[in-house]
Amino acid sequence: MPVSWPRLFPLRTVPDRFVHSPLVQRVLRNSGYILSANTLSAALSFLQTLMAARLLGVAGYGTLGVITVFASNINRLTSFRMGELVIRYVGKYSAEDDRPRAMAVFKAAGLTEMLSSLLAYALIVALSPWAARTLAKDPAMAGLFSLYGLVLLANLMAESSTALLQYLNRFRLIAAFTVAQSLLTLLLIAGAFATHGGLQTIVLAYLIGKAAWAVAITLAAFVEAGRHWGGRWWSTPLARLRGDARELAKFALSTNASATINLVT
């Protein structure tokens, strides 16, 4: 009598089940949005670089890089990486069906990011004379360091807002804003190139493009938060987080410390 073996799960169906999983399809779709946006944005940035370098020359383009990187590094120095905190704890409390604490986390993250952005801008203004003299080798450039630093004020809640949009599965919207920012900056630089503008004009072009992206992301996050939590989410008291304050602070400080170590290195 032949032995009857248990019927095994067909291996050839595993890839099909994996590919057709709603979670996998969602990941692939969102990855596609971000990859497409980043690719297109990189192409547009390449055109920006060509025109800016041709217009400013080697020395002028080098100074532009010093101005933008200086502001970026000051922002990284004071940032507490609120995006990571929003993703982790808004997700955690939402999974526990604790909407008040999820709302309070986003609110606390936004307020903390605002304070760190204000601190970063104050540092830029204070250090602009030194940066112009030491890094740009031209004391007259101090005003441009402070001018471009205004981008930090536009980014008051951009990191927290981006994280919330990611949590709410609004990757397509983020991708659209990314491409729109690069296109706007390209058009502004093209205008400066056509009118033979100088370094200040190019700095303004980059400032306007990045500020427009930050404002759009923040407004979109507020709208999506209202749809998800209701229009009065902002009035949620921070006291909801009293029992978790130490854990949240520890997480924020640890991410800031790791980023600072990488920056110094």
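Going by the structure above, here's the rest.
Notes on the structure follow.

Conventions used here
Each chain carries its own residue numbering, running from 1 in the written order of its sequence. In keeping with the model being predicted, local features are shown solely for residues with a pLDDT of at least 70 and side-chain atom pairs are shown and tallied solely at 80 or more, while totals for entire chains, interfaces and linings include all residues. Side-chain numbers come from the whole structure's heavy atoms, not from hydrogens or water. Per the convention used, a helix needs a DSSP run of H or I reaching at least four residues, while a strand needs a run of E reaching at least two, with both numbered from the N terminus. Exposure is judged per residue with a 1.4 Å probe applied to protein chains only, and the accessible area is read against the type maximum: over 50% gives exposed, under 20% gives buried, and values in between give partly exposed. Working rule for contacts: check all heavy atoms of both residues, and any pair within 4.5 Å makes them a contact. Counting rule for charge: Lys and Arg are taken as positive, Asp and Glu as negative, and neither His nor the chain ends is counted. Throughout, a charge is located at the NZ atom of Lys, the CZ atom of Arg, the CG atom of Asp or the CD atom of Glu. The working definition used for a salt bridge is a side-chain nitrogen of Lys or Arg within 4 Å of a carboxyl oxygen of Asp or Glu. To get an axis, a line is fitted to the C-alpha atoms, and for a helix only the part in contact is used. The angle between two axes follows their N-to-C directions and goes from 0 to 180 degrees. Should an angle fall under 35 degrees it is called roughly parallel, over 145 degrees roughly antiparallel, and 65 to 115 degrees roughly perpendicular, with every other angle called oblique. Note: crossing handedness is left-handed where the near helix turns anticlockwise from the far helix by less than a right angle, and right-handed where it turns clockwise. All amino acids are sorted into three groups, where Ala, Val, Leu, Ile, Met, Phe, Trp, Tyr, Cys and Pro are nonpolar, Asp, Glu, Lys and Arg are charged, and the leftover types, Gly among them, are polar. Nonpolar cores are built from buried Ala, Val, Leu, Ile, Met, Phe, Trp, Tyr and Cys residues. Side-chain atoms within 4.5 Å join them into one set. Two rings from Phe, Tyr or Trp (for Trp, the six-membered ring) form a pair when their centres sit within 6.5 Å of each other. Planes less than 30 degrees apart are called stacked, planes more than 60 degrees apart edge-to-face, and all others tilted. Note on criteria: charge over ring means Lys NZ or Arg CZ within 6 Å of the ring centre, with the direction from the centre no more than 35 degrees off the ring normal.

**Some details on the overall build of the protein**
If you tally the helices and strands in the protein, you get 10 helices and zero strands. Mapped from its N terminus to its C terminus, the protein presents α and β elements in the order α-α-α-α-α-α-α-α-α-α. When burial is assessed residue by residue, the protein has 40% of its 265 residues classed as buried. For the protein, contacts bridging at least 24 residues in sequence account for 83% of all contacts bridging at least 6. With 24 positive and 11 negative side-chain charges, the protein shows a spacing of 3 Å between the two charge centroids.

**Some points on the pattern of salt bridges**
For the structure on display, the rule yields seven salt bridges. Of the charged contacts in the structure, one is a salt bridge between Arg-170 and Glu-224, with a shortest N-O distance of 2.9 Å. Of this pair, Arg-170 sits in the loop between helix H7 (158–167) and helix H8 (171–194) while Glu-224 is found in helix H9 (residues 199–229), placing the two residues 54 residues apart along the sequence. By relative accessible area, Arg-170 is classed as partly exposed at 33%. Note on Glu-224: relative accessible area 7%, which makes it buried. Between Glu-224 and Arg-227 there is a salt bridge whose closest N-O contact spans 3.1 Å.

**Things to note about the environment of Ser-116**
You can see Ser-116 is positioned in helix H4 (residues 99–134). In sequence terms Ser-116 and Gly-65 are 51 residues apart; their C-alpha atoms lie 23 Å from each other. Excluding anything up to four places from it in sequence, Ser-116 contacts Thr-78 and Phe-80.

**Section: the packing of helix H3 (residues 82–95) against H7**
Contact pair H3 / H7: the axes reach a minimum separation of 8 Å and the direction vectors enclose 40 degrees. Here H7 runs oblique to H3, going by the angle between their axes. In terms of crossing hand, the pair formed by H3 and H7 is right-handed. Packed against H3, whose contacting residues are Met-82, Gly-83, Val-86, Ile-87, Val-90, Gly-91 and Ser-94, the element H7 presents Glu-159, Ser-160, Ala-163, Leu-164, Gln-166 and Tyr-167 at the interface. In terms of residue class, the contact of H3 with H7 is made up of seven nonpolar, five polar and one charged.

**Considerations on the nonpolar core**
If you look at the biggest cluster of nonpolar residues, it comprises 30 residues, and the most contacted ones within it are Leu-64, Phe-145, Tyr-148, Leu-199 and Ile-202. At the level of elements, helix H2 (22–78), H4, helix H5 (142–148), helix H6 (151–154), H8 and H9 are the ones that each hand at least two residues to this core. Sorting elements by how many residues they give to this core places H2 first, with nine residues. Excluding residues that lie within four positions of it along the chain, Tyr-148 makes contacts with Ile-67, Thr-68, Ala-71, Val-203, Tyr-206, Leu-207 and Lys-210. One finds Met-82, Tyr-89, Ile-174 and Ala-220 within the second-largest nonpolar core, a separate group that totals 28 residues.

**Focus on the packing of aromatic side chains**
Taken as a whole, this structure holds nine aromatic pairs when the rule is applied. Between the aromatic rings of Phe-106 and Trp-233, the centroid separation amounts to 5.3 Å while the plane-to-plane angle is 40 degrees, which identifies the pairing as tilted. Placement of Phe-106 in helix H4 and of Trp-233 in the loop between H9 and helix H10 (245–264) is noted, with a sequence separation of 127 residues between them. For the pair formed by Phe-106 and Trp-233, the shared burial category is buried. Under the relative-accessibility criterion, Trp-233 is labelled buried at 3%. Through a chain of ring-to-ring contacts, the aromatic side chains of Phe-106, Phe-222, Trp-229, Trp-233 and Trp-234 assemble into a single cluster. Note that Lys-107 overlies the ring of Trp-234, its terminal NZ or CZ placed 5.7 Å from the centroid.

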